[in-house]
Amino acid sequence: MKIESLLIHGGIDGDESTGAVNIPIYQTSTYKQPAMGVNKGYEYSRTGNPTRKALEELIAELEGGYAGFAFASGMAAITAVLSLFKAGDKLLISNNIYGGSFRVIDKVFKNFNIDYSIVNTSNLDEIREAIDDTVKAIYIESPTNPLLGITDIEEVSKLAKENNLLTIVDNTFMTPYLQKPIELGADIVVHSGTKYLGGHSDTVSGLAVVNSKELAERLHFIQNATGGVLAPFDSFLMIRGIKTLAVRMDRHNSNAKAVAEYLRSRDEVEKVYYPGFEDHPGYEVQKKQAKGFGAMIAFVLKEGFSYKKFIESLELITFGESLGGVESLVSHPAAMTHASIPADIRRKVGIVDNLIRLSVGIENVEDLLEDINRAIEKARQ
Ligand SMILES: *Cc1c(COP(=O)(O)O)cnc(C)c1O
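What you are looking at is a predicted structure, and each value in this text was computed from that prediction instead of being measured. (Residues numbered from 1 in each chain as written. Predicted model: local features only at pLDDT ≥ 70, side-chain atom pairs only at ≥ 80, totals over all residues. Heavy atoms only, no water.)

Caption draft 1: Geometry of the pairing of strand E7 (residues 206–210). Of all five residues that make up E7, five are buried, and the element is covered over most of its length. Of the two faces of E7, the one carrying Gly206, Ala208 and Val210 and the one carrying Leu207 and Val209 are both buried. The sheet contact formed by strand E1 (residues 67–71) and E7 spans five bridges and is antiparallel. Following the sheet pairing, Phe71 is matched in E7 by Gly206. Where strand E6 (residues 188–192) and E7 come together, five bridges link them in antiparallel fashion. Bridge pairing in E7 links Ser192 to Gly206. (Buried < 20%, exposed > 50% of the residue type's maximum accessible area, 1.4 Å probe, protein only. Helix = DSSP H or I, 4+ residues; strand = E, 2+ residues; numbered from the N terminus. Pairing = 2+ DSSP bridges.)

Caption draft 2: Representation of the side chain of Glu63 in the model. Note that Glu63 resides in helix H2 (residues 50–63). Buried and unpaired, Glu63 has Lys180 as its nearest opposite-charge partner, separated by 6.8 Å. In this structure Glu63 touches Asn171, Pro176, Gln179, Lys180, Pro181, Ile182, Val189, His191 and Val209, once residues within four positions along its chain are discounted. (Lys, Arg positive; Asp, Glu negative; His and termini not counted. Salt bridge = Lys/Arg side-chain N within 4 Å of Asp/Glu carboxyl O. Contact = heavy atoms within 4.5 Å.)

Caption draft 3: Broad picture of the packing of aromatic side chains. Taken as a whole, this structure holds seven aromatic pairs when the rule is applied. For the ring pair Tyr283 and Phe293, a centre distance of 5.6 Å and an interplane angle of 10° mean the geometry is stacked. Of this pair, Tyr283 sits in helix H11 (residues 283–289) while Phe293 sits in the loop between H11 and strand E9 (296–301), and the two are ten residues apart along the sequence. For Tyr283, a relative accessible area of 10% corresponds to the buried category. Each member of the aromatic cluster is reached from another via a ring pair, and the members are Tyr274, Phe277, Tyr283 and Phe293. (Phe/Tyr/Trp six-rings, centres within 6.5 Å; stacked < 30°, edge-to-face > 60°.)

Caption draft 4: Seen up close, helix H14 (residues 365–379). Look at H14: 21 Å from first C-alpha to last across 15 residues, which is about the 21 Å you get at 1.5 Å a residue. Here H14 has its buried residues at Leu368, Leu369, Asp371, Ile372, Ala375, Ile376 and Ala379. Along the axis of H14, the buried positions cluster into a sector of 160°, meaning they face one direction only. Looking at the buried side of H14, the elements it contacts are helix H10 (245–265), strand E8 (269–273), E9, helix H12 (307–313) and strand E12 (355–359). N-cap assignment for H14: the residue whose side-chain oxygen lies 2.8 Å from the backbone N of Glu366 is Asn364. (Expected span 1.5 Å × (residues − 1). Arc of directions from axis to C-beta. Polar contact = N/O pair within 3.5 Å; in protein donor to acceptor, adjacent residues only side chain to side chain.)

Below is the structure:
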């Protein structure tokens, strides 16, 4: 089955006992056990729930992995995956990972003596140099947030395997419709399901997929032991959202391309970050490893134009945190997602005050361009 069909029919397709086309919301905490030591596969909903199970099988199939796990948020999924490590272990992490992922590594796992080094994972030599006996995994995002840096997942996974390291990829920006890290050699994929997979800005969720029985057993143990599981209703919403992922992503992709090109054509715009531009340093790698360029864009307004005025002049595009929903969202990385990074470091890596991030939604593209045009006109100081 091709992915467009798998999104709709993958995992557990419908309810066998009633014929219901959709998996019911099994709103139950426990299950009747007919006799001691006998059950129908479920004992308690932290350990397993049929609605969650349907989502877990679906994401495993979509990512081409051995098993999937659903959590109450992306951060809960990432926390569970990081719990595979122990004191004395060290992780190599991309230099531009999601702020919350960096925070849990830096402020929580560090307390348990799980260490990390920040590397530019677009540069294999830099990774190679950072590997020592304590390093157990490489944690990457591609593209990164907000500057859309690209890492060659296949090359990094190869290098990781040669050194007995796990490769963990946060695939939130791409989704399995556009990019399949496990097929490229990664061991574990994590998602904030809150974003494109759910797709409607109505559910917070997280997913993890592993490529082996051994990792599946260990991660299921952690999921059950630590308990950050996704509720049945939210699991249902995720399955419902995933059904339309292909059509949404196609529109996200084409809208984003039009918006990126439009921004680049404007004199008021200094720079546009979009991996779909042929002169983007990661363009060739992105083309090789993904089926599209995604719908995250960042751009810098020229001096004399105010990011504040721009954002406040938008009428259709919503100002807010998050991304990946059907509606277009605008955010200001320096004051929002990346505010915890000291200003001088922030500017050095390119997150200047006039940098604006767009999550391009699936509205009519003419309406989006008109909104952006209006805001640019009003941004002049
Ligand atoms: C949002 C996000 C997360 C965290 O997910 P939550 O669902 O908000 O907990 C992790 N990684 C990336 C790339 C994200 O965009």
